[in-house]
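Listed below, chain by chain, are the residues.
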Amino acid sequence: SRQRYVLGDTAMQKMAQSHVFLSGIGGLGVEIGKLGNIYLRGHKCALTVHDTKHCTKWDLGINFFIHEDDVTSQRNRAEATLPRIAELNPYVHVAASTVPLDETTDLSFLKHYQCVILTEVSLLLQKKINDFCHAQQPPIKFIAADVYGVCSRLFCDFGDEFEVLDTTGEEPKEIFISNITQSNPGIVTCLENHPHRLETGQFLTFREVNGMSCLNGSTHQITVVSPYSFSIGDTSEMEPYLHGGIAVQVKTPKMCYFERLEKQITNPLCLVADFSKPEAPLQIHVAMLALNHFQENFGRTPNIGCLQDAEEMLKIAMSINETLENKPQVNGDVVKWLSRTAQGFLPPLAAAVGGVASQEVLKAVTGKFSPLQQWLYIDVLDIVTPLEKVGSEEFLPRGDRYDALRACIGDSLCQKLHDLNVFLVGCGAIGCEMLKNFALLGVGTGQDKGLVTITDPDLIEKSNLNRQFLFRPHHIQKPKSYTAAEATLNINPYIKIDSDINKVCPATENTYSDEFYTKQDVIVTALDNVEARRYID
């Protein structure tokens, strides 16, 4: 019901007819599959999860739906995760595919899908599948996502022309008018201290205008003049404006234009996610292309912490940079850290990218909200920069479930995570995500130290199930904290977790003591109660 309120009936009906194909059920793929399956609705809606790899111990630290018995029996990753993804949403038919997907595969089977998502797929194969999807009528919406170590990327291609029915999903704006000039163009001024927040090119219709009454019921395209005024065309022949009037925004479809992956590689259109580093997207673009070429040339990913491989990747990056239309300055540090950590995996980074990718799936099948055009790069280089002088042996695998994490941050930081005492207040949507990340990172798993304490006095309700992914229908009316703790142990049975149903508020008798708070290394508040947040702070 909450989703219907946001999307509207038209978008929900489109979603009900959608068929989605997701390839690669690793750490990123399972995040997309989890959220995509939660979002999708409709008796004809279907999700196919595809993977050809078998479960390994490495997967235990990156995929929250793969368990130790899956590794022991060497199950296919798609088949292992299928029942766990399917139980998230009974309205969607989920199927698994294990057939090979490579340069020789006949791609005609993809015609049955409205959206194709690729993870853990080579760049050459991405280009081939993208060309196929782009050429269909109507085009198959194409999304490619990758997480390598401390860097990630997301690419979208929804065809030459993609109509967006509603770019924002917001209610139409209403602007109260204080004046309209008799001029060419006529300038409309808003009431004082009430900015219109409109954009040039949008349309408005007028009502209740006194004096310039011929405007009432008419629609005009506007040009923004200032935050408090805009022009609407020639009003010089109209009657003088007297008073009053309301301008109402008219929602009109917007056409978005996309280019194929092949062309976008040399002339990328990137969304800047961090305005403190506007140059970062293009620098990471070059670095990740260099990684793809390294994989093609040597048939492997750069070795963990290997400086020789990093130097080779830097040479490739310099060569690739010359082929781009807008040549950024190659950032040697970005290339080096991407090379050193490329085999590794950071679950929180995958959660962020997977969430964005899932939203793009929703946009692709509904035509609601502005889509990503066309690249998004997110990095967490700030995490590894202090590790510059740490020896490469710190990053080498130890044969446990944390090897993927260790390849990114080193063993010492892994141990610090294991020894953390964390207090999590609230087990709602964000709380469930935090607990999942804690389990994958090994927070609170130290032999002598470390503990995760969670509290939430609420019971699980049916409306929680579409966003609080640790809960299932048979959990309804059970305490959130106890249920979340049990689900977290299913992801990582070695985590030490203590669950309570205490309230956190100075007015309650069961508030935690000051001594309890001082023993925590990290306190996370994932709740809406402002009073409780202030008290903890």
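Conventions we followed
- Residues numbered from 1 in each chain as written.
- Predicted model: local features only at pLDDT ≥ 70, side-chain atom pairs only at ≥ 80, totals over all residues.
- Heavy atoms only, no water.
- Helix = DSSP H or I, 4+ residues; strand = E, 2+ residues; numbered from the N terminus.
- Buried < 20%, exposed > 50% of the residue type's maximum accessible area, 1.4 Å probe, protein only.
- Areas by Shrake-Rupley, 256 points an atom, 1.4 Å probe, with all protein chains shown as cover.
- Contact = heavy atoms within 4.5 Å.
- Pairing = 2+ DSSP bridges.
- Axes fitted to C-alpha atoms, helices over the stretch in contact; angles between N-to-C directions.
- Phe/Tyr/Trp six-rings, centres within 6.5 Å; stacked < 30°, edge-to-face > 60°.
- Lys NZ or Arg CZ within 6 Å of the ring centre and 35° of its normal.
- Domains from an automatic or database assignment.
- UniProt positions renumbered as here; feature names shortened; annotations may be inferred.
- Expected span 1.5 Å × (residues − 1).
- Polar contact = N/O pair within 3.5 Å; in protein donor to acceptor, adjacent residues only side chain to side chain.
- Parallel < 35°, antiparallel > 145°, perpendicular 65-115°, else oblique.
- Left-handed = near helix turned anticlockwise from the far one by under 90°.
- Nonpolar A, V, L, I, M, F, W, Y, C, P; charged D, E, K, R; others polar.
- Arc of directions from axis to C-beta.
- Core = buried A, V, L, I, M, F, W, Y, C linked by side-chain atoms within 4.5 Å.

Draft legend 1. Representation of the overall build of the protein in the model. Tallying secondary structure elements over the protein gives 18 helices and 21 strands in all. Along the longest, intermediate and shortest principal axes, the C-alpha atoms of the protein span 80 × 65 × 50 Å. Relative to its 537 residues, the protein shows a buried fraction of 54%. Accessible area for the protein stands at about 24300 Å²; split by element, carbon and sulfur atoms hold 52% of it.

Draft legend 2. Local environment of the side chain of His475. Relative to the assigned elements, His475 resides in the loop between strand 19 (451-455) and helix 16 (480-491). Contact partners of His475, with chain neighbours within four places excluded, come to Ile460, Leu470 and Thr483.

Draft legend 3. Highlighting the sheet that holds strand 17 (residues 375-379). Judged by pairing direction, the sheet is mixed, and its eight strands sit side by side in the order 3-2-1-4-5-6-17-16 without closing on themselves. At either margin of the open sheet sits one strand with a lone partner, and together these are strand 3 (93-97) and strand 16 (270-271). Alignment of strand 1 (residues 19-23) against strand 4 (residues 115-119), held across four bridges, turns out to be parallel. The residue of strand 4 that forms the bridge with Val20 is Cys115. Here helix 8 (residues 280-298) sits on the sheet and contacts strand 5 (141-148), strand 6 (151-157), strand 16 and strand 17; the angle it forms with strand 17, its principal contact strand, is near 90°.

Draft legend 4. Focus on the packing of aromatic side chains. As enumerated under the stated definition, the model contains 17 aromatic pairs in all. These aromatic residues form a ring-pair network of at least three members: Phe142, Phe155, Trp375 and Tyr377. For the cation-ring pair, Lys34 lies above Phe469, with the distance from its terminal atom to the ring centre recorded as 4.3 Å. Here the guanidinium or amino end of Arg340 rests over the ring plane of Phe395, the centre of that ring lying 5.5 Å away.

Draft legend 5. The arrangement of the sheet that holds strand 18 (residues 421-425) in detail. One open sheet holds the four strands; their spatial order is 20-19-18-21, and the pairing between them is parallel. Two strands lie at the open edges of the sheet, namely strand 20 (497-500) and strand 21 (522-525), each paired on one side alone. Each adjacent strand pair in this sheet contributes to an overall mean axis angle of 15°, direction not counted. Looking at chain direction, strand 18 and strand 19 are connected through five bridges and run parallel. Opposite Asn421, over in strand 19, you have Leu451 as the bridge partner. Together, strand 18, strand 19, strand 20 and strand 21 form the strand contacts of helix 15 (residues 429-441), whose direction differs from that of strand 18 by roughly 160°. Seen against the sheet, helix 16 touches strand 19 and strand 20 and runs at an angle of roughly 160° to strand 20.

Draft legend 6. Representation of the domain arrangement of the protein in the model. What the domain assignment reports for the protein is domain 1 (2-165 + 258-281 + 344-378), domain 2 (174-250) and domain 3 (420-536). Computed over C-alpha atoms, the centres of domain 2 and domain 3 are 52 Å apart.

Draft legend 7. Spotlight on the UniProt feature "domain: Ubiquitin-activating enzyme E1 four-helix bundle" (unreviewed entry) in the protein. Within this numbering scheme, the UniProt entry marks residues 252-321 as carrying the feature "domain: Ubiquitin-activating enzyme E1 four-helix bundle" (unreviewed entry). Counting secondary structure, residues 252-321 comes out at 57% helix and 9% strand; the distance between its end C-alpha atoms is 40 Å.

Draft legend 8. The arrangement of helix 11 (residues 347-366) in detail. Counted at 1.5 Å a residue, the expected span for helix 11 with its 20 residues is 28 Å, and the 28 Å between its end C-alpha atoms agrees. For helix 11, a buried count of 16 out of 20 residues is recorded, marking the element as mostly surrounded by other parts of the structure.

Draft legend 9. Just the side chain of Thr119, in detail. Looking at the element boundaries, Thr119 is found in strand 4. Once residues lying within four places of it in the same chain are set aside, the contact partners of Thr119 are Ser23, Gly24, Leu28, Gly29, Ile32 and Ala145.

Draft legend 10. Structural context of the environment of Thr483. Looking at the element boundaries, Thr483 is found in helix 16. Sequence separation between Thr483 and Phe155 is 328 residues; the distance between their C-alpha atoms is 36 Å. In contact with Thr483, other than residues within four places in its own chain, are Ile460, Phe471, His475 and Lys478. Of note is the side chain of Thr483, whose polar atom sits 2.8 Å from the backbone oxygen of Pro479.

Draft legend 11. Highlighting the packing of helix 8 against helix 9 (residues 307-321). For the pair helix 8 and helix 9, the least separation of the axes is 8 Å and the interaxial angle reads 115°. The pairing of helix 8 with helix 9 is recorded here as roughly perpendicular in orientation. The chirality of how helix 8 crosses helix 9 is right-handed. Taken together, the residues of helix 9 that come into contact with helix 8 (itself represented by Val286, Ala287, Leu289, Ala290, Leu291, His293, Phe294, Asn297 and Phe298) are Asp309, Glu312, Met313, Ile316, Ala317, Ile320 and Asn321. Among the residues forming the contact of helix 8 with helix 9, the class breakdown is 11 nonpolar, three polar and two charged.

Draft legend 12. Quick look at the environment of Ser236. Take Ser236: it is sitting in the loop between strand 13 (229-231) and strand 14 (246-250). Each C-alpha atom of the pair Ser236 and Pro185 lies 7.9 Å from the other, and the pair is 51 residues apart in sequence. Setting aside residues up to four positions removed in sequence, Ser236 forms contacts with Gln182 and Ser183. A polar side-chain atom of Ser236 sits 2.6 Å from a polar atom in the side chain of Asp234.

Draft legend 13. Representation of helix 2 (residues 9-16). Ala11, Met12, Met15 and Ala16 are the residues of helix 2 that are buried. Along helix 2, the residues classed as buried sweep out an arc of 140° about the axis, all on the same side.

Draft legend 14. Inspection of the nonpolar core at higher detail. Grouped together as the largest cluster of nonpolar side chains are 129 residues, with contacts concentrated most on Leu110, Val116, Ile129, Leu435, Val452, Ile454 and Leu470. When residues in this core are grouped by element, the largest group, nine residues, is from helix 8. Residue contributions to this core reach at least three from each of two domains, namely domain 1 (2-165 + 258-281 + 344-378) and domain 3 (420-536). Membership of the second largest hydrophobic core comes to 17 residues, among which are Cys190, Leu198, Phe206 and Met212.

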